[in-house]
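Residues per chain are reported as follows:
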Amino acid sequence: MPSNDVRILAQAAVPTAAVGAIAAVVSGLVVGGKGAIGSAVATVIVILFMGLGLYILQRTAKSLPHLFQAMGLMLYATQILLLFVFMAAFKNTTLFHPKAFAFTLVACTLAWIAAQTRAHMKSKILYVEPDKSGHSS
């Protein structure tokens, strides 16, 4: 990944991890150890899904730039759908507290989207590739 992509990934993942850590502490205090485990699992799932989505989107932008916008819309819709599938699949689990899991999943997803939006707004991305030969024709 180019350094700009890694920077955007870090600027989205770090705030998401912070939100997840806060949610784990709050869940742990409110509902106990299972709440903290549910929040931790949700945080990891969001970072993995969204990080993988960002990676796929950046590869699409480089190889198929004409599909970038459509791929972005499809990718976000798929990610949100998969997150809802995870929430439904673990709705009645006894491994961790399902409500803590669900609330953390939503909070971390919103944190990721906000942080990624902020990172893209602050990044200076070239719209035109500069001439590599050093002279213009």
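As named in an unreviewed UniProt entry, the protein is ATP synthase I, taken from Streptomyces sviceus.

*Asks:* I'm lost on the packing of helix α2 (residues 33-63) against helix α4 (residues 98-122) in this one. Help?
*Replies:* In a packed pair of helices, the relevant descriptors are the angle between the two axes and the axis-to-axis distance. Where α2 meets α4, the closest approach of the two axes is 8 Å, and the angle between their N-to-C directions is 35°. Note on packing geometry: the crossing formed by α2 with α4 is right-handed.

*Asks:* What is the right way to read the UniProt feature "transmembrane region" (unreviewed entry) in the protein from this model?
*Replies:* Under the local residue numbering, the UniProt record ascribes the feature "transmembrane region" (unreviewed entry) to residues 12-31, 37-57, 69-90 and 96-115. Taken as a whole, residues 37-57 contains 100% helix and 0% strand, while its terminal C-alpha atoms sit 30 Å from one another. Annotation note: span residues 69-90, helix share 95%, strand share 0%, distance between end C-alpha atoms 32 Å.

*Asks:* Can you walk me through the packing of α2 against helix α3 (residues 68-89) in this structure?
*Replies:* Closest axis-to-axis distance for the α2/α3 pair is 10 Å, and the angle between their directions is 165°. Relative to α3, α2 is oriented roughly antiparallel. The handedness of the crossing between α2 and α3 is right-handed. Facing α2, whose interface residues are I45, V46, F49, M50, G53, I56, L57, T60 and A61, α3 presents F68, M71, G72, L75, Q79, L82, L83 and F86. Of the residues that constitute the contact of α2 with α3, the class distribution is 13 nonpolar, four polar and no charged.

*Asks:* Sorry, what's going on with empty space enclosed by the protein here?
*Replies:* Any space left empty among the atoms is revealed by the rolling of a water-sized probe across them. Following the criterion strictly, the structure yields one cavity of 30 Å³ or more and no others. Put simply, the largest cavity is a space of about 40 Å³. Taken together, M50, G53, L54, L57, L75, Y76, Q79, W112 and Q116 make up the full set of residues lining the largest cavity. Going through the elements one at a time, α2, α3 and α4 are the ones with two or more residues in the lining of the largest cavity. At four residues, the largest contribution of residues to the lining of the largest cavity is made by α2. A breakdown of the residues in the lining of the largest cavity according to their chemical character gives six nonpolar, three polar and no charged.

*Asks:* Is there a simple way to think about the nonpolar core in this case?
*Replies:* Generally speaking, soluble globular proteins have nonpolar side chains that are buried together. In terms of nonpolar packing, the biggest core is built from 13 residues, with I45, V46, M50, L83, F101, L105 and W112 touching the most fellow members. Of all the secondary structure elements, the ones that give two or more residues to this core are α1 (3-31), α2 and α4. Here this core gets five residues from one element, more than from any other, and that element is α4.

*Asks:* Sorry if this is basic, but what is going on with the environment of V46 here?
*Replies:* For V46, the location among the structural elements is in helix α2. The buried category is assigned to V46, whose relative accessible area is 0%. Residues V46 and T16, 30 residues apart in the sequence, show an inter-C-alpha distance of 8.2 Å. In contact with V46, not counting residues within four places along its chain, are T16, G51, L83, L105, C108 and T109.

What counts, and at which threshold
Residues numbered from 1 in each chain as written. Predicted model: local features only at pLDDT ≥ 70, side-chain atom pairs only at ≥ 80, totals over all residues. Heavy atoms only, no water. Axes fitted to C-alpha atoms, helices over the stretch in contact; angles between N-to-C directions. Helix = DSSP H or I, 4+ residues; strand = E, 2+ residues; numbered from the N terminus. Left-handed = near helix turned anticlockwise from the far one by under 90°. UniProt positions renumbered as here; feature names shortened; annotations may be inferred. Parallel < 35°, antiparallel > 145°, perpendicular 65-115°, else oblique. Contact = heavy atoms within 4.5 Å. Nonpolar A, V, L, I, M, F, W, Y, C, P; charged D, E, K, R; others polar. 1 Å grid on protein atoms, 1.4 Å probe; cavity = no way out; pocket = protein on both sides within 12 Å on 5 of 7 lines; lining within 4 Å. Points joined across faces, edges and corners; volume = space filled by probe spheres on them. Core = buried A, V, L, I, M, F, W, Y, C linked by side-chain atoms within 4.5 Å. Buried < 20%, exposed > 50% of the residue type's maximum accessible area, 1.4 Å probe, protein only.

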